[in-house]
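# Coordinate analysis (summary)
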Amino acid sequence: MKIAFFDAKKYDTPAFNEYAEMGGVTVKYFETRLNEDTVELAHGFDAVCVFVNDTVNAAVIDRLISFGVKAIALRCAGFNNVDVKHAEGKIAVLRVPAYSPYAVAEHTMALLLTSIRRIHKAYIRSRDFNFSLAGLTGFDLHGKTVGIIGTGRIGRVFAHICEGFGMHILAYDRYPDMSLEKSGSVRYVPLDTLLAESEIISLHCPLTEDTYHIIDEAALAKCRTGVVLLNTSRGALVDAEALLSAIKARRVGAACLDVYEEEGDLFFEDNSGHILEDDTLARLISMPNVIVTSHQAFLTKEALENIAETTIGNLLTLFDTGKCENEVHYNA
Ligand code: NAI
């Protein structure tokens, strides 16, 4: 089997080479992203392997099918960048539903602690031998109320981490997991209650038509003044302009963003020598109470190993048996 691997980064190759060799699979790495301009590169391959910012729209899918490509293997959990409806019944779409919920949940807590204890400020100060504590006052997490939107694999791990800090945990999920509530530490509430009562809000639901801009101007208006917003899920869950306005109005106390609505052309790349065209992102990054990481939450050694193992395993299973439990189907 030959796989065309798009948006390849140096950190991807060691684990993929290891599992590809074990499975007798050939992988050709392309640094470019998959989109309508680059799809021709997939000619002659059995499958393409893509990541979060590759564009797998109807036009790309049709070209892949015309080349005889049989599968689109996402090396991530989310699949909002693939036109699954268009692919259904024509080409298999595979994903890695879970590779390390701990990686994402732990990064979320790392961002929260960095933000509220001003570690990002203290680190820069002490490197300049400025040992002043002025402006570094934080607050305890113990006893605070965190609202978790989406209590799937990652949201649940994040809830357990918060439990360890002695926090009160509110949750909102379209499909609540009542066993989580039975454990005693999590209370499911309607979304509006979560927004109104939480001092910290963390997003762990997928990006769908329902959750697009779930945090918009109206939602932010329902939040407590000083709320800390965490988004390590997908950028478009948050209306970035509305967030910026709420920060400027001093209604949002802090924001930690591992994802951003318009991250596609920027994240994962070194743009340090360029002038940033995106004024909203530039303004957000300039804020003392905003921390942005560039879709880094998944990036642990364990996660990379699991991603490679599952992605290669998905393709081998599909090509051997014609089906795979990690196939994504369109649900009308
Ligand atoms: P999951 O599928 O296990 O959990 C998602 C949860 O969201 C489910 O409990 C589901 O019922 C809930 N949900 C679905 N629609 C909802 C709605 N309209 N309102 C409220 N809740 C809703 O997914 P998992 O593994 O926990 O991942 C969550 C998200 O994290 C992924 O969709 C992906 O976007 C993001 N992610 C981000 C990464 C990063 O590096 N920053 C890495 C991996 C995932």
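Below, the structure is looked at part by part. Residues take numbers from 1 onward in each chain, read along the sequence in its written order. It should be noted that, the model being predicted, local features are given only for residues of pLDDT at least 70 and side-chain atom pairs only at 80 or more, the latter also being counted only at that level, while totals for whole chains, interfaces and linings use all residues. Note that water and hydrogens are dropped before the side-chain values are worked out from all heavy atoms of the structure.

## Structural notes on the sheet that holds strand E6 (residues 145–149)
Taken in spatial order, the seven strands line up as E8-E7-E6-E9-E10-E11-E12 in an open sheet, and their pairing is parallel. Either end of the sheet is taken by a strand with one partner, and the two such strands are strand E8 (186–188) and strand E12 (290–292). The average undirected angle you get between the axes of adjacent strands in this sheet is 20°. Of the pairings in the sheet, the one linking E6 to strand E9 (residues 200–203) comprises four bridges and is parallel in character. The residue of E9 that forms the bridge with Ile149 is Leu203. Criterion used throughout: strands pair if DSSP finds at least two bridges between them. A run of DSSP states H or I qualifies as a helix once it reaches four residues; a run of E qualifies as a strand once it reaches two. Both are numbered from the N-terminal end. Orientation is described by axes fitted as lines to C-alpha atoms, over the contacting stretch for helices, and by angles from 0 to 180 degrees between their N-to-C directions.

## Digging into helix H2 (residues 58–66)
Burial classification: accessible surface area is computed with a 1.4 Å probe over protein chains only, and a residue below 20% of its type maximum counts as buried, one above 50% as exposed, and the rest as partly exposed. What H2 keeps buried is the set Val60, Ile61 and Leu64. On an axial view of H2, the arc spanned by its buried residues comes to 100°, and they lie on one face. In this analysis, two residues are considered to be in contact whenever any of their non-hydrogen atoms come within 4.5 Å of each other. Close packing links the buried residues of H2 with strand E3 (47–50), strand E4 (71–74) and helix H3 (84–87). In the stretch just after H2, Gly68 is the one whose phi turns positive, near 90°. The arc in question is the one traced by the directions running from the helix axis out to the C-beta atoms.

## Things to note about the pairing of strand E10 (residues 227–231)
Counting buried residues along E10, five of its five residues qualify, which places the element largely inside the surrounding structure. A two-sided burial pattern is seen for E10, the buried positions comprising Val227, Leu229 and Asn231 on one face and Val228 and Leu230 on the other. Chirality of the crossover, the property in question, places the unit of E9, helix H9 (residues 217–222) and E10 among those that are right-handed. Note that E10 and strand E11 (residues 252–257) share five bridges and pair parallel. Of the residues in E11, the one forming a bridge with Val228 is Ala254. For crossovers, right-handed means that the path from the first strand over the helix to the second runs clockwise, given strands pointing away from the viewer.

## Remarks on the side chain of Asn81
Tracing the chain through its elements places Asn81 in the loop between E4 and H3. The buried category is assigned to Asn81, whose relative accessible area is 14%. Think of a polar contact as two N or O atoms within 3.5 Å of one another; within protein, one of them needs to be a possible hydrogen donor and the other a possible acceptor, and neighboring residues in sequence only count if both atoms come from side chains. Polar contacts involving the side chain of Asn81 include one to the main-chain carbonyl oxygen of Asp54, which spans 2.9 Å. Excluding anything up to four places from it in sequence, Asn81 contacts Phe51, Val52, Asn53, Asp54, Thr55, Val56 and Leu74.

## Comments concerning the site of the ligand
We call a residue near a given molecule or strand whenever any one of its heavy atoms falls within 4 Å of it. Neighbouring the ligand are 24 residues, the closest being Tyr99, Arg153, Ile154, Asp173 and Thr232. Backbone polar atom of Arg153 to an oxygen atom of the ligand: 3.0 Å apart, as the coordinates give it. In the model, a nitrogen atom of the ligand is placed 3.0 Å from a nitrogen or oxygen of the Asp258 side chain. The classification used treats Ala, Val, Leu, Ile, Met, Phe, Trp, Tyr, Cys and Pro as nonpolar, Asp, Glu, Lys and Arg as charged, and all other residues, Gly among them, as polar. Considered class by class, the residues forming the shell around the ligand number 10 nonpolar, eight polar and six charged.

## Here's the deal with the packing of aromatic side chains
Note on aromatic contacts: the rings of Phe and Tyr and the six-membered ring of Trp form a pair at centre separations within 6.5 Å, being stacked when their planes are under 30 degrees apart, edge-to-face when over 60 apart, and tilted otherwise. Inspection of the entire model under this criterion finds six aromatic pairs. Relative to Phe45, the ring of Phe30 lies with its centre 6.1 Å away and its plane at 80°, an arrangement referred to as edge-to-face. In this pair, Phe30 is assigned in the loop between strand E2 (26–29) and E3 and Phe45 in the loop between E2 and E3, connecting sequence segments 15 residues apart. As far as burial versus exposure is concerned, Phe30 and Phe45 are alike and both buried. Through a chain of ring-to-ring contacts, three or more aromatic side chains come together here, namely Phe5, Phe16 and Tyr29. Here the basic side chain of Lys2 rests over the ring of Phe45, its NZ or CZ set 5.3 Å away from the ring centre. Only Lys NZ and Arg CZ are tested; either one counts as a charge over a ring when it is within 6 Å of the ring centre and within 35 degrees of the ring normal.

## Section: the environment of Ala242
As for its placement among the helices and strands, Ala242 is situated in helix H10 (residues 240–248). For the pair Ala242 and Ile200, spaced 42 residues apart in sequence, the C-alpha separation works out to 17 Å.

## Some remarks on the packing of helix H4 (residues 101–116) against helix H6 (residues 153–164)
Relative to each other, H4 and H6 sit at 50°, their axes nearing to 8 Å. It follows that H4 is oblique to H6 by the angle criterion. Two packed elements cross with a definite hand, and for H4 against H6 that hand is right-handed. Contact residues: Pro101, Tyr102, Val104, Ala105, Glu106, Thr108 and Met109 in H4; Arg153, Ile154, Val157, Phe158, Ile161 and Cys162 in H6. In the contact of H4 with H6, the residues fall into 10 nonpolar, one polar and two charged. Roughly parallel covers angles under 35 degrees, roughly antiparallel covers those over 145, roughly perpendicular covers 65 to 115, and oblique covers all other angles. Handedness of a crossing is defined here by the sense of rotation of the near helix relative to the far one, left-handed for an anticlockwise turn of less than a right angle and right-handed for a clockwise turn.

## Points about the sheet that holds strand E1 (residues 2–5)
Spatially, E2-E1-E3-E4-E5 is the arrangement adopted by the five strands of the open sheet, whose pairing is parallel. Here the strands that pair on one side only, and so sit at the sheet edges, are E2 and strand E5 (92–94). When the angles between neighbouring strand axes are averaged without regard to direction, this sheet yields 20°. Strand direction decides the pairing type here: E1 and E2, joined by four bridges, are parallel.

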